[in-house]
Amino acid sequence: MEKKQYERPHLIKLESGMPGKFGTRNDSPPATHIDGVMVKDLAAKYGSPLFVMSERTIRSTYRKAYKAFSTRYPKVQFAWSYKTNYLSAICNIFHQEGSWAEVVSGFEYDKVLANGVDPGKIIFNGPGKSAEDLKKAAENGSLIHIDHLDELYMLTDLAGDMKRKPLVAIRVNMDTGIYPMWDRFGFNYENGQAWDAINKIMLSGKLELAGLHTHIGTFIMSANAYGVAASKLADLALNIQQKFNHNIRYIDMGGGFASKNTLKGSYLPGSDTNPTFDDYAEAITTALVNSGFKPDNLPLLILETGRALVDEAGSIITTVIANKRLSTGRRATIVDAGVNLLFTSFWYQHPITPAQGFSQYREENTIYGPLCMNIDCLRESISLPLLNKGDQLVIHYTGAYNLTQWMQFITLRPNVVMIDMDSKTHIIREGETVTSITGLEKTPDFLVNVK
Ligand SMILES: *Cc1c(COP(=O)(O)O)cnc(C)c1O
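Keep in mind it's a predicted model, so treat the numbers as computed, not measured. (Residues numbered from 1 in each chain as written. Predicted model: local features only at pLDDT ≥ 70, side-chain atom pairs only at ≥ 80, totals over all residues. Heavy atoms only, no water.)

## Considerations on the overall build of the chain
For the record, the criterion: Under the DSSP-based scheme used, a helix requires at least four consecutive residues in state H or I and a strand at least two consecutive residues in state E, with every element numbered from the N terminus. In what follows, residue pairs with any heavy atoms lying within 4.5 Å of each other are defined as contacts. Areas reported as accessible are Shrake-Rupley estimates using a 1.4 Å probe. Residue values count occlusion only from the protein chains shown. Under the convention used here, Asp and Glu are negative, Lys and Arg are positive, and both His and the chain ends fall outside the count. Charged groups are reduced to one reference atom each: NZ for lysine, CZ for arginine, CG for aspartic acid, CD for glutamic acid.
If you tally the helices and strands in the chain, you get 13 helices and 22 strands. Seen through its principal axes, the chain has C-alpha atoms that stretch 95 × 70 × 50 Å. For the chain, long-range pairs separated by at least 24 residues make up 69% of all intrachain contacts whose partners lie at least 6 apart in sequence. Accessible surface, the chain: about 21600 Å² in total, of which carbon and sulfur atoms supply 53%. Here the chain holds 47 positive side-chain charges and 47 negative ones, and the gap between their average locations is 3 Å.

Shown next as structure tokens:
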């Protein structure tokens, strides 16, 4: 019999309270509850993985944002960015708080109408509006934000047969010191495209120029960039006033504020370093009040903030399927939520907290999802307490974009639950069943039988 090969024992360093830049690490306690509801109970009742949205966090975040702007500027209006999270329960919390709606497709537009929002409070953005979309929005008195000249000509043409003049704005892109510049949307400020589009609208006489819009990017870490953008839009507005004696009604600064999440590769947590609503509000409102607008003629300030209003309100509860050692000796944990549910894990290091008590020992860990795909990695490296199969983790700050960009891939998408202000739980989107997927399929007769 061949002698078995000797393998030396493998010693692993367990860390406890590694010192960092600011002293010994202060571990966060386990996330046993979300808004007063036990994580274990949520998983037992609604399954794992599970999306959980907090009504309390949405309302308090919205109020913080609204206050930051309304204490600095007399006329402020938020418009909820549907593509950030368009579950109706979530949208309607924002509408109850006073938000208008901001949409970028015909599908989203119809969703807003179904939610009972006054069509005059819908902002229709995006480069892909069809003639049908434009006609419907214009006749409803919604605000149409024109993205390119072909759209401008199409709408001017359609306007001829309409009973009311379409209400429009143009989207303007510009150099705000943020690169790469988002110049694929709208008309450029610096090269004169924006001014050209404005002149075409004003001289056509067929469209009512109601506002000016920009959306400079997303997760913008510089509040100052918004000050630059607001100044440029104010400058355009004042030129319109001078040349055409026409006052626009609003300036729409778009979205793009950073949430409290931490971008990959950042040394410090986003909750400590990202600009606050007050920082953004200060930059924007200062630019507007210091511009040439007469005090009694200040335009309405519209904000289409998405991510920063809802990211912190979302969590995913996930369960440990297995632990394993990679060939390098590194510890890996497999959980039941994959990147198909957590799209934002490609950009963020979400805070991740065990849902049960743990000892002081920790180890560097890679977290994988359950998909049979090499890219299904939720986190390349995170120091976590030792976990067992069946333990649960809460992945925080997952409320933005995951519930609109998630993919149905090899598994079914899970329940989404909202915890209300009284800590009562409600399913706001049912978990998928096999028939919710296969019900849409059609198999030609000759392929029905495999025998
Ligand atoms: C996506 C989008 C928003 C919301 O952006 P956030 O980065 O989530 O704040 C607002 N306006 C427009 C035009 C958008 O496309």
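This is not the end of the story, as more comes after the structure.
## Quick look at the site of the ligand
Selection criterion: Near is defined per residue: the residue qualifies when any heavy atom it owns lies within 4 Å of the molecule or strand. The definition of a polar contact used here is a pair of N or O atoms within 3.5 Å, where within protein one atom must be able to donate a hydrogen and the other to accept one, and adjacent residues in sequence count solely through side-chain atom pairs. A 1.4 Å probe that fits into a set of points on a 1 Å grid over the protein atoms alone but cannot get out defines a cavity; an open set with protein on both sides within 12 Å along at least five of seven lines defines a pocket, and lining residues are those with an atom within 4 Å of a point. Think of it this way: a molecule belongs to a cavity or pocket when more than half its atoms come within 2 Å of the grid points there. Residues are grouped as follows: Ala, Val, Leu, Ile, Met, Phe, Trp, Tyr, Cys and Pro are nonpolar; Asp, Glu, Lys and Arg are charged; every other residue, Gly included, is polar.
Within the structure, the ligand sits among 16 residues, and Lys83, Thr218, Gly256, Glu304 and Tyr401 are positioned closest to it. At 2.6 Å, a side-chain N or O of lysine 83 approaches an oxygen atom of the ligand. In this structure, glycine 306 approaches the ligand through a main-chain N or O atom, which is 2.9 Å from an oxygen atom. Of all the cavities here, the one that holds the ligand is the second largest pocket. Looking at the shell around the ligand residue by residue, the class counts come to one nonpolar, 10 polar and five charged.

## Examining empty space enclosed by the protein
Note the following rule: Grid points are joined across faces, edges and corners, and a volume is the space filled by probe spheres set on the points.
A complete count under the given rule lists two cavities of 30 Å³ or more for this structure. Estimated volume of the largest cavity: approximately 70 Å³. In this structure, the largest cavity is lined by Arg171, Val172, Asn173, Met174, Thr176, Ile178, Met181, Trp182, Asp183, Thr214, His215 and Ile216. The class makeup of the residues in the lining of the largest cavity is six nonpolar, four polar and two charged. By volume, the second largest cavity is sized at about 40 Å³. Forming the boundary of the second largest cavity are Ala237, Gln241, His246, Asn247, Ile248, Phe293 and Asn297. Here the lining of the second largest cavity is built from residues that sort into three nonpolar, four polar and no charged.

## Observations concerning the nonpolar core
Within soluble globular proteins, side chains that are nonpolar tend to cluster in buried spots. Rules: In plain words, nonpolar cores are sets of buried Ala, Val, Leu, Ile, Met, Phe, Trp, Tyr and Cys residues tied together by side-chain atoms within 4.5 Å. Here's how the labels work: a residue is buried when its accessible area is under 20% of the maximum for its type, exposed when over 50%, partly exposed in between, all with a 1.4 Å probe on protein chains only. Where a domain begins and ends is set by an automatic assignment or by a domain database.
Counting residues in each nonpolar core, the largest one holds 102 residues, and the members touching the most others are Phe69, Ile170, Met253 and Ile284. When residues of this core are assigned to domains, at least three fall in each of domain 1 (33-53 + 312-433) and domain 2 (55-310).

## So, the side chain of serine 99
Tracing the chain through its elements places serine 99 in the loop between α3 (88-96) and β7 (100-103). Ignoring anything within four residues of it in the chain, the contact list for serine 99 reads Tyr62, Gln77, Phe78, Ala79, Trp80 and Phe94.

## Looking at the pairing of strand β16 (residues 331-335)
As a reminder of what qualifies: A pair of strands is considered paired only if DSSP assigns at least 2 bridges between the two.
In terms of burial, β16 is largely enclosed, as four of its five residues are buried. Alignment of strand β15 (residues 314-325) against β16, held across five bridges, turns out to be antiparallel. Across the sheet, residue arginine 325 finds its bridge partner in β16, namely arginine 331. Linkage of β15 to β16, two consecutive antiparallel strands, is achieved through a turn of five residues, within which glycine 329 is found at a positive phi near 95 degrees. Bridging between β16 and strand β18 (residues 362-368) involves four bridges; their strand directions are parallel. When the bridges of β18 are listed, isoleucine 334 appears paired with tyrosine 368.

## Overview of the pattern of salt bridges
Quick reminder of the rule: In the sections that follow, a salt bridge refers to a side-chain nitrogen of Lys or Arg positioned within 4 Å of a carboxyl oxygen of Asp or Glu.
Here the structure, examined in full by the defined rule, presents 14 salt bridges. A salt bridge links glutamate 282 to arginine 72; the nearest nitrogen and oxygen atoms lie 2.7 Å apart. Of the two residues, glutamate 282 is situated in helix α10 (residues 277-289) and arginine 72 in the loop between α2 (55-70) and β6 (76-81); the sequence distance between them amounts to 210 residues. According to the relative accessible area criterion, arginine 72 is partly exposed, its value standing at 27%. Between arginine 413 and glutamate 432 there is a salt bridge, with the nearest N and O atoms lying 2.7 Å from each other. Within this pair, whereas arginine 413 is found in the loop between α12 (402-405) and β21 (416-419), its partner glutamate 432 is found in the loop between β22 (425-429) and α13 (434-438), the two being separated by 19 residues in sequence.

## Regarding the domain arrangement of the chain
Heads up, the condition is: The quantity reported as buried area is the accessible area (1.4 Å probe) lost by two parts once they are put together, taken as the sum for both.
With domains assigned, the chain is organised as domain 1 (33-53 + 312-433) and domain 2 (55-310). For domain 1 and domain 2, the distance between their C-alpha centres works out to 33 Å. Taken together, the contact between domain 1 and domain 2 spans 27 residues of the former and 27 residues of the latter. For the pairing of domain 1 and domain 2, the buried interface totals around 2500 Å² over both sides, and the portion due to carbon and sulfur atoms is 55%. Of all residues in domain 1, the largest losses of buried area upon contact with domain 2 belong to Glu312, Tyr348 and Tyr401, amounting jointly to 28% of the total for that side. The interface formed by domain 1 and domain 2 holds one salt bridge in total. The partner of glutamate 380 in a salt bridge is lysine 264, and the shortest N-O contact between them spans 3.3 Å. Put simply, domain 1 and domain 2 have 15 residue pairs in polar contact (both at pLDDT 80 or more) between them. Looking at the side of domain 1 that touches domain 2, the elements that each hand over two or more residues are α12, β21 and β22. It is β21 that provides the largest number of residues to the side of domain 1 that touches domain 2, a total of three residues. Residues of the side of domain 1 that touches domain 2, tallied by class, amount to 15 nonpolar, seven polar and five charged.

## What about the environment of proline 119?
Assignment of secondary structure puts proline 119 in the loop between α4 (106-114) and β8 (122-124). Sequence spacing of proline 119 and glycine 141 is 22 residues, and the spatial spacing of their C-alpha atoms is 6.5 Å. In this view, proline 119 contacts Tyr109, Leu113, Asn140, Gly141 and Ser142; residues no more than four positions away in its chain are not counted.

## Here's the deal with the side chain of glutamate 97
Relative to the helices and strands, glutamate 97 resides in the loop between α3 and β7. Classification of glutamate 97 by relative accessible area gives buried; the value is 18%. In this structure the side chain of glutamate 97 is engaged in a polar contact, spanning 2.8 Å, whose partner is the side chain of arginine 59. Once residues within four sequence positions are removed from consideration, glutamate 97 is found in contact with Arg59, Tyr62 and Arg63.

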